[in-house]
Amino acid sequence: MGDWRELLHDLPLESRLKALLVYELASDRVPGQPLEVTTAAVRAVATAEGLDTGQPWIDAAAAQISAEPHGRPGA
C-alpha cells in the first residue's frame, strides 16, 4: 500500500483534516515505537478528536509512524 493518506479520499473534508491532525499529534508523541504502542496512540488521539477509530487509515497511519525512526520522513 502507498501512503496512508490515500485512505482518506472518501471521507468528508472535516474528517480528513482531523485525520491529518491525528497523524501529526501521534507522530510527535510516539515516533518509531512498536506498532501496538503507535496504534493505541493514534486511536486515542482519533477518539479525542471525535473520529471513528474503526477506519482503515488508523492502522495504516500507525504502521507508517511506527516504521519511521523519527515519525516522519526527513525528520
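Predicted, not measured: the structure shown is a model, and the values here were computed from it. (Residues numbered from 1 in each chain as written. Predicted model: local features only at pLDDT ≥ 70, side-chain atom pairs only at ≥ 80, totals over all residues. Heavy atoms only, no water.)

Chemist: I keep staring at the packing of helix α2 (residues 35–48) against helix α3 (residues 56–67) and nothing clicks. Help me out?
Modeler: The axes of two packed helices give the description: the angle between them and the distance between them. Packing of α2 against α3 leaves a shortest axis separation of 8 Å and a crossing angle of 130 degrees. On the basis of the axis angle, α2 is oblique to α3. α3 is crossed by α2, and the crossing has right-handed handedness. Taking contact as the criterion, the partners of L35, T38, T39, V42, R43 and A46 in α2 are, on α3, W57, I58, D59, A62, A63, I65 and S66. (Axes fitted to C-alpha atoms, helices over the stretch in contact; angles between N-to-C directions. Helix = DSSP H or I, 4+ residues; strand = E, 2+ residues; numbered from the N terminus. Parallel < 35°, antiparallel > 145°, perpendicular 65-115°, else oblique. Left-handed = near helix turned anticlockwise from the far one by under 90°. Contact = heavy atoms within 4.5 Å.)

Chemist: Got a minute to help me understand helix α1 (residues 13–29) in this structure?
Modeler: Residues spaced three or four apart along an α-helix point in a common direction, a consequence of the helix completing one turn every 3.6 residues. End to end, α1 covers 25 Å across 17 residues, agreeing with the expected 24 Å (1.5 Å per residue, within 8%). Burial in α1 covers these residues: A19, V22, Y23, A26 and S27. Buried positions in α1, seen along its axis, are confined to an arc of 120 degrees and lie on one side of it. For α1, the exposed residues set more than 90 degrees away from the buried face come down to L13, E14, L17, D28 and R29. (Expected span 1.5 Å × (residues − 1). Buried < 20%, exposed > 50% of the residue type's maximum accessible area, 1.4 Å probe, protein only. Arc of directions from axis to C-beta.)

Chemist: Hey, could you run me through the side chain of Q64 in this one?
Modeler: Tracing the sequence through the fold places Q64 in helix α3. For Q64, a relative accessible area of 17% gives the class buried. Discounting residues that sit within four places of it in the chain, Q64 has contacts with D3, W4, R5 and Y23.

Chemist: Just checking my understanding: could you explain the pattern of salt bridges for this structure?
Modeler: Proximity of charged atoms lets side chains of opposite charge pair with each other. For the coordinates displayed, the defined rule picks out three salt bridges. The closest approach of N and O atoms between R5 and D3, which form a salt bridge, is 2.9 Å. Overall, the relative accessible area of 29% leaves R5 in the partly exposed class. The closest approach of N and O atoms between K18 and E14, which form a salt bridge, is 3.4 Å. On the criterion of helical spacing, the pair formed by K18 and E14 is a turn pair, its members being four residues apart in helix α1. (Salt bridge = Lys/Arg side-chain N within 4 Å of Asp/Glu carboxyl O.)

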